[in-house]
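The primary structure of each chain is shown beneath.
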Amino acid sequence: MTSDTSWVDSMPAVYDRALGPALFAPFAAYLAEAVVGLTPRRVLELAAGTGVATGELVAALPGTEVVATDLNPAMVAFGAAKVPGATWRVADALHLDEPAGSYDLVVCQFGVMFFPDKPAAFAEAARVLRPGGRLLVAVWDVVEASPFPAALMAGIAAARPVDPPTFVARVPHGYPDPEQIEADLRAGGLEPVSVERVVLQGTSPSAATLADGFCRGTPLRFALQERGDLDELTAAIAAEMTARLGEGPVEGDLAALVVAARRP
């Protein structure tokens, strides 16, 4: 793991509380609805995080075995307590300890962007899928397409105009090119089926809640700590986000690419 892919200590809890409902829950429900018609018997989730999508998959697919994996032991511990209906394992998406052809469906909600070698990760997904099995992933569109991360980037620029952290645009929002995604899928031995741009609505109790989630619950935290006092920087970012998004509860578009592929 690197500083771009690490969740430690209290980070999973902050991530789940502050960002889970606002950013990830809408797409978790969307993906779960999309897979019901596939009637998979075994599902493998990659980069499952705190289990936001995992819970939706378990609820939508009664009788289906759902195996949820994540690179971070802290995430797996949190997710296992939150969604005990799935089997949880610490696993590297590039080196899965799973038998070949053992899954009908592989799902990854907003995790592919973190994989250092995306074709290799897709190749591993292809290996563990049965012939004809499906891969379904969601990746964020560019930062500017969604008001919440756009406001965050403005807050970072205001709080740290010199040498601002680039994590958010570089990693979570750094893989928005459909042509590149399709090329990587093919390089991994998968056949692209569709790349659909999906825009859903996100809501949060406040812009400050979002700021807290991003600054303390994601790897942005490490970059901020390298540049100053985390509390002070978080407060400054929250103030700018509030100025842009408004006081009280906030809502905004969440733009992502939902990608489907199959193993030949």
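This text follows the structure it describes.
Just so it is clear, the model here is predicted, and its values are computed rather than measured. (Residues numbered from 1 in each chain as written. Predicted model: local features only at pLDDT ≥ 70, side-chain atom pairs only at ≥ 80, totals over all residues. Heavy atoms only, no water.)

*Asks:* Let's hear about helix α9 (residues 220-227): which residues, and what values?
*Replies:* Within the span of α9, buried status applies to L220, R221, F222, A223 and L224. Buried-residue contacts for α9 involve α1 (11-36), α5 (147-159), α6 (167-170), α8 (207-217) and α10 (230-245). (Buried < 20%, exposed > 50% of the residue type's maximum accessible area, 1.4 Å probe, protein only. Helix = DSSP H or I, 4+ residues; strand = E, 2+ residues; numbered from the N terminus. Contact = heavy atoms within 4.5 Å.)

*Asks:* Can you explain the packing of aromatic side chains? Please cite residues and give values.
*Replies:* Any pair of aromatic rings gets described here by the distance separating the centres and the angle formed by the planes. Evaluated as defined, the whole model comprises nine aromatic pairs. Their ring planes at 50 degrees and their centres at 6.1 Å tell us that F24 and W140 sit as a pair that is tilted. Here F24 is found in helix α1, whereas its partner W140 is found in strand β5 (residues 129-140), with 116 residues between them in sequence. With respect to class, F24 is no different from W140; both count as buried. With a centroid separation of 6.2 Å and 50 degrees between ring planes, the pair formed by F114 and F167 is classed as tilted. Pair noted here: F114 is in the loop between β4 (103-109) and α4 (118-128) and F167 is in helix α6, with a separation of 53 residues, a long-range link. In this structure an aromatic cluster arises from ring pairing among W7, Y15, F24, F27, F110, F114, W140 and F167. Here R42 stacks its cationic end above the ring of Y103, 4.3 Å away from the centre of that ring. (Phe/Tyr/Trp six-rings, centres within 6.5 Å; stacked < 30°, edge-to-face > 60°. Lys NZ or Arg CZ within 6 Å of the ring centre and 35° of its normal.)

*Asks:* Requested: an account of the pattern of salt bridges, with residues and values cited.
*Replies:* Opposite charge on two side chains lets them pair, provided their charged atoms get close. One pass over the full model with this rule turns up 15 salt bridges. Where R127 meets E124, a salt bridge forms, and the shortest distance between an N and an O atom there is 2.7 Å. One end of the pair is R127 and the other is E124, both in helix α4 and three residues apart, which spans about a single turn. You can call R127 partly exposed: its relative accessible area is 29%. Residues participating in the shared-partner salt-bridge network are R17, D212, R216 and D231. (Salt bridge = Lys/Arg side-chain N within 4 Å of Asp/Glu carboxyl O.)

*Asks:* So what about unusual backbone geometry? Which residues, and what values?
*Replies:* Positive phi, normally seen in glycine, also occurs at D9, with a value near 50 degrees. For D9, the location among the structural elements is in the segment before α1. On the basis of relative accessible area, D9 is assigned to the exposed category, the value being 66%.

*Asks:* If you had to explain the layout of surface pockets to someone new, which residues and values would you point to?
*Replies:* To find the voids left in a structure, one rolls a probe of water-molecule size over its atoms. In this structure, the largest pocket occupies an estimated 720 Å³ of space. For the largest pocket, the lining is made up of 44 residues, of which W7, A47, F110, G111 and F114 are closest to its centre. Mapped onto the lining of the largest pocket, the elements with two or more residues apiece are α1, α2 (52-60), β2 (65-70) and α6. Here the element with the most residues in the lining of the largest pocket is α1; it accounts for four residues. (1 Å grid on protein atoms, 1.4 Å probe; cavity = no way out; pocket = protein on both sides within 12 Å on 5 of 7 lines; lining within 4 Å. Points joined across faces, edges and corners; volume = space filled by probe spheres on them.)

*Asks:* Tell me about the packing of α1 against α2, residues and numbers included.
*Replies:* Where α1 contacts α2, the axes come no closer than 7 Å and their chain directions differ by 35 degrees. At the point where α1 passes α2, the crossing takes the right-handed sense. Of the residues in α2, those in contact with D16, G20, F24, A25, A28, A29, A32, V35 and V36 of α1 are V52, A53, E56, L57 and A60. Classifying every residue of the contact of α1 with α2 gives eleven nonpolar, one polar and two charged. (Axes fitted to C-alpha atoms, helices over the stretch in contact; angles between N-to-C directions. Left-handed = near helix turned anticlockwise from the far one by under 90°. Nonpolar A, V, L, I, M, F, W, Y, C, P; charged D, E, K, R; others polar.)

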